[in-house]
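Examination of the molecular architecture
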Amino acid sequence: MNKKHSLRPLEHFTQIRFTQKPCFGDMVDAVNDVAAKDPFFKRIWCFEGGIDLTSDELQRIAEYANTTLKAPSVSALITTEDLSYGLLKILEAHRDQEGHTIKVFRDRASALTW
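This report concerns the structure included in the present document. If you're wondering where the values come from, they're calculated on a predicted model, not measured in any experiment. (Residues numbered from 1 in each chain as written. Predicted model: local features only at pLDDT ≥ 70, side-chain atom pairs only at ≥ 80, totals over all residues. Heavy atoms only, no water.)

Examining the overall build of the protein
Put simply, the test is: Where helices and strands are cited, they refer to DSSP runs of H or I of at least four residues and of E of at least two residues respectively, numbered from the N terminus. The globule rule used for comparison is 2.2 Å times the number of residues to the exponent 0.38, while the radius of gyration itself is calculated over C-alpha atoms. Buried residues are those whose accessible area, probed at 1.4 Å on protein chains only, stays under 20% of the maximum for their type, while exposed residues exceed 50% and partly exposed ones sit between those limits. Any two residues whose heavy atoms approach within 4.5 Å are treated as being in contact.
A count of helices and strands for the protein gives four helices and five strands. In sequence order, the secondary structure elements of the protein are arranged as β-β-α-β-α-β-α-β-α. Its C-alpha atoms give the protein a radius of gyration of 12 Å, within 12% of the compact-globule value 13 Å for 114 residues. Expressed along its principal axes, the backbone C-alpha trace of the protein runs to roughly 30 × 30 × 30 Å. Counting only residues that meet the buried cut, the protein has 42% of its 114 residues in that class. For the protein, contacts bridging at least 24 residues in sequence account for 74% of all contacts bridging at least 6.

See below:
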């Protein structure tokens, strides 16, 4: 199976980059990879091509990630697409809870500054 994402540990965080618009299964696959391989608990998720998810799927991903990924964690989500930005704000609302901080950005520079 070809993965639509790559996981790359950088200096102080892990970058998860999607090469295509992820669907629900792609997101679950990425969460599982992060849970198994992330050495930092600080993450930048790059969705330059946008996402292909419904609001219900985003809520389900948030619930799955909250139980799968260890706390504390900090995640920046980056997309330049307007629709994907709005949808990822839904994920931000469902995922942001004690021990897990998440924020959506339109560009990498803002995410890195945060």
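Looking at the packing of aromatic side chains
Put simply, the rule reads: The criterion for an aromatic pair is that two Phe, Tyr or Trp rings (for Trp, the six-membered ring) have centres within 6.5 Å, with stacked assigned to planes under 30 degrees apart, edge-to-face to planes over 60 apart and tilted to the rest.
Within the structure shown, the criterion is met by three aromatic pairs. On the basis of an interplanar angle of 10° and a centroid distance of 5.0 Å, the ring pair of Phe 18 and Phe 47 is categorised as stacked. Here the residue Phe 18 occupies a position in strand E2 (residues 14-18), and Phe 47 occupies one in the loop between strand E3 (42-46) and helix H2 (55-68), the gap between them amounting to 29 residues. Phe 47 shares its class with Phe 18; the two are buried. Taking the centre distance of 5.5 Å and the plane angle of 50° together, the rings of Phe 105 and Trp 114 count as tilted. By relative accessible area, which is 8% here, Phe 105 ends up buried. Three or more aromatic residues joined by ring pairs make a cluster, and in this case those are Phe 18, Trp 45 and Phe 47.

Thoughts on the packing of helix H1 (residues 24-37) against H2
Note the following rule: In this analysis, axes come from line fits to C-alpha atoms, helices being fitted only over the stretch in contact, and the angle between any two N-to-C directions falls in the range 0 to 180 degrees. Throughout, the term roughly parallel applies to angles under 35 degrees, roughly antiparallel to angles over 145, roughly perpendicular to angles from 65 to 115, and oblique to all others. Left-handed describes a crossing whose near helix is turned anticlockwise from the far helix by less than a right angle; the clockwise case is right-handed. Residue classes follow a fixed rule: Ala, Val, Leu, Ile, Met, Phe, Trp, Tyr, Cys and Pro count as nonpolar, while Asp, Glu, Lys and Arg count as charged, and any other residue, Gly among them, counts as polar.
Interhelical geometry of H1 versus H2 gives an angle of 15° and a closest axis separation of 10 Å. Taken as axis vectors, H1 and H2 run roughly parallel relative to one another. For the element pair H1 and H2, the recorded crossing hand is right-handed. Residue-level inspection shows Phe 24, Met 27, Val 28, Val 31, Asn 32 and Ala 35 of H1 in contact with H2, the latter providing Glu 57, Arg 60, Ile 61, Tyr 64, Ala 65 and Thr 68. Among the residues making up the contact of H1 with H2, the classes are represented as eight nonpolar, two polar and two charged.

With respect to the sheet that holds strand E1 (residues 5-9)
Spelled out, the test is: Should DSSP find at least two bridges between two strands, the strands are taken to pair.
Taken in spatial order, the five strands of this open sheet run E1-E2-E3-E4-E5, and their pairing is mixed. Each of the sheet's edge strands pairs with one partner strand only, and the pair in question is E1 and strand E5 (100-105). Taking each pair of neighbouring strands and ignoring which way they run, the sheet shows an average axis angle of 15°. In this sheet, E3 lies alongside E2 in parallel orientation, the contact comprising four bridges. Pairing of Arg 17 across the sheet is with Cys 46, part of E3. Set on the sheet, helix H3 (residues 82-95) makes contact with E3, strand E4 (73-78) and E5; between it and E5 the angle comes to about 170°.

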